[in-house]
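Here is how the chains run, residue by residue.
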Amino acid sequence: MGYPVLLDVFGQEAVFYASLIHMAFNFFVYTYAIMCLTKGDDSEFKLNFKQLLTPGIILIFVGIFIYLFDIQLPSTINSVGSLTAPLSMMMIGSSLAVYPIKDSFTDWRSYVFAFVRLMIVPFVTMIMCRLLHIDAYYANITIITNAMPVGSMVLMLATQYNANVKIVTRNIVVSTL
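Read on for an overview of the structure.

Reading the values: the criteria
- Residues numbered from 1 in each chain as written.
- Predicted model: local features only at pLDDT ≥ 70, side-chain atom pairs only at ≥ 80, totals over all residues.
- Heavy atoms only, no water.
- Helix = DSSP H or I, 4+ residues; strand = E, 2+ residues; numbered from the N terminus.
- Contact = heavy atoms within 4.5 Å.
- Areas by Shrake-Rupley, 256 points an atom, 1.4 Å probe, with all protein chains shown as cover.
- Core = buried A, V, L, I, M, F, W, Y, C linked by side-chain atoms within 4.5 Å.
- Buried < 20%, exposed > 50% of the residue type's maximum accessible area, 1.4 Å probe, protein only.
- Axes fitted to C-alpha atoms, helices over the stretch in contact; angles between N-to-C directions.
- Parallel < 35°, antiparallel > 145°, perpendicular 65-115°, else oblique.
- Left-handed = near helix turned anticlockwise from the far one by under 90°.
- Nonpolar A, V, L, I, M, F, W, Y, C, P; charged D, E, K, R; others polar.
- Phe/Tyr/Trp six-rings, centres within 6.5 Å; stacked < 30°, edge-to-face > 60°.

## Overview of the overall build of the protein
So, point 1. Scanning the protein from terminus to terminus reveals eleven helices and zero strands.
So, point 2. Along the protein, helices and strands appear, N-terminal first, in the series α-α-α-α-α-α-α-α-α-α-α.
So, point 3. Relative to all contacts within the protein whose residues are 6 or more apart in sequence, the contacts with residues 24 or more apart total 71%.
So, point 4. Accessible surface, the protein as shown: approximately 11,600 Å² in total, 70% of it carbon and sulfur.

Encoded structure:
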C-alpha cells in the first residue's frame, strides 16, 4: 500500500526511491526472515544466491536501468502497476475468508503489534532521519513507507513456509483497519 500512497503524495520519483529502500527490505526478508520462519523445521537454512534473485529484486534492477537510461515505457505499464494494491488486498481477503475476523479484534497482542508498527516504527524512523540529517524529501518517503500496514508479502511467506498464518492474518487485519 505504500507505493500508491507515495505516488499520490510525492509522484513517480518517490516510488523509485521507495523501491530502493525495499530492495534492502527484500534482502532482509529473503535471508533473516526466512531463516526465522524455518527455524522450527528439521531442515537447516542455507542461504544461496537463487533465493535472493526474486522477481522483486530483478525488477528493481530493471527499474534502475530504465531510470538511469531514461527509457520511455508504454502507458499500459502504469495500468498493470496500479493493480498491485487491489491484488494485495485480494490475497489478504482470501486468507480472511477462512479465518474468523472476530479473533483479530479480541487478541490484545494484535493491537500492541499494530501500535508498534504504525506509530513507534515511523516515529523512530523520523528521529533517525533527523539525527542523520537526511533530506526531508527522502526522510518523508522513508517515514511514510514505514507507516504503512503490514503487507501481503508477510502472509505469502507465512503460507509458503508453514508459519502461523492465523497470527499473521490477525496482525494484518488490525494494522490495516
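On we go from here.
## A short note on the environment of Lys102
So, point 1. Relative to the helices and strands, Lys102 resides in helix α7 (residues 101-106).
So, point 2. Between the C-alpha atom of Lys102 and that of Arg170, which follows or precedes it by 68 residues, the distance is 9.4 Å.

## Some thoughts on the nonpolar core
So, point 1. By size, the foremost hydrophobic cluster in this structure holds eleven residues: Leu6, Ala14, Val15, Phe16, Tyr17, Ala18, Ile60, Ile64, Ile141, Ile144 and Met148.
So, point 2. Here the element with the most residues in this core is helix α2 (residues 12-37); it accounts for five residues.
So, point 3. Not counting residues up to four positions away in its chain, the partners in contact with Ile141 are Leu6, Phe10, Ala14, Tyr17, Ala18 and Ile21.

## Describing the packing of helix α8 (residues 108-131) against helix α9 (residues 136-146)
So, point 1. Running from amino to carboxyl end, α8 crosses α9 at an angle of 160 degrees, the nearest separation of the two axes being 8 Å. By the angle class used here, α8 and α9 are roughly antiparallel. Regarding α8 and α9, the two cross each other, and that crossing is right-handed. In this structure, α8 uses Arg117, Val121, Pro122, Thr125, Met126 and Cys129 to contact α9, whose residues at the interface are Ala139, Thr142, Ile143, Thr145 and Asn146.
So, point 2. Residues belonging to the contact of α8 with α9 are distributed by class as follows: six nonpolar, four polar and one charged.

## Thoughts on the packing of aromatic side chains
So, point 1. Scanning the model with the defined rule gives six aromatic pairs in all.
So, point 2. The interplanar angle of 65 degrees and the centroid separation of 5.4 Å between the aromatic rings of Phe16 and Tyr17 together place this pair among those described as edge-to-face.
So, point 3. Residues Tyr17 and Tyr138 carry aromatic rings whose centres are separated by 5.0 Å and whose planes lie at 90 degrees to one another, so their mutual orientation is edge-to-face. Taken together, the residues Tyr17 in helix α2 and Tyr138 in helix α9 connect sequence positions 121 residues apart.
So, point 4. Classification of Tyr138 as partly exposed rests on a relative accessible area of 35%.

## Thoughts on unusual backbone geometry
So, point 1. Unlike most non-glycine residues, Asp70 shows phi in positive territory, near 50 degrees.
So, point 2. Relative to the helices and strands, Asp70 is located in the loop between α4 (55-68) and α5 (76-81).
So, point 3. For His133, which is not a glycine, the phi torsion comes out positive at approximately 55 degrees.
So, point 4. Considering the arrangement of structural elements, one finds His133 in the loop between α8 and α9.

## Some points on helix α10 (residues 152-160)
Since one α-helical turn is 3.6 residues long, residues separated by three or four positions face the same way.
So, point 1. Those residues of α10 that fall on the buried side of the exposure criterion are Ser152, Leu155, Leu157 and Ala158.
So, point 2. With its phi angle positive at about 55 degrees, Asn162 sits one or two positions after the end of α10.

Take it as geometry only, folks, not as evidence of what the structure does.
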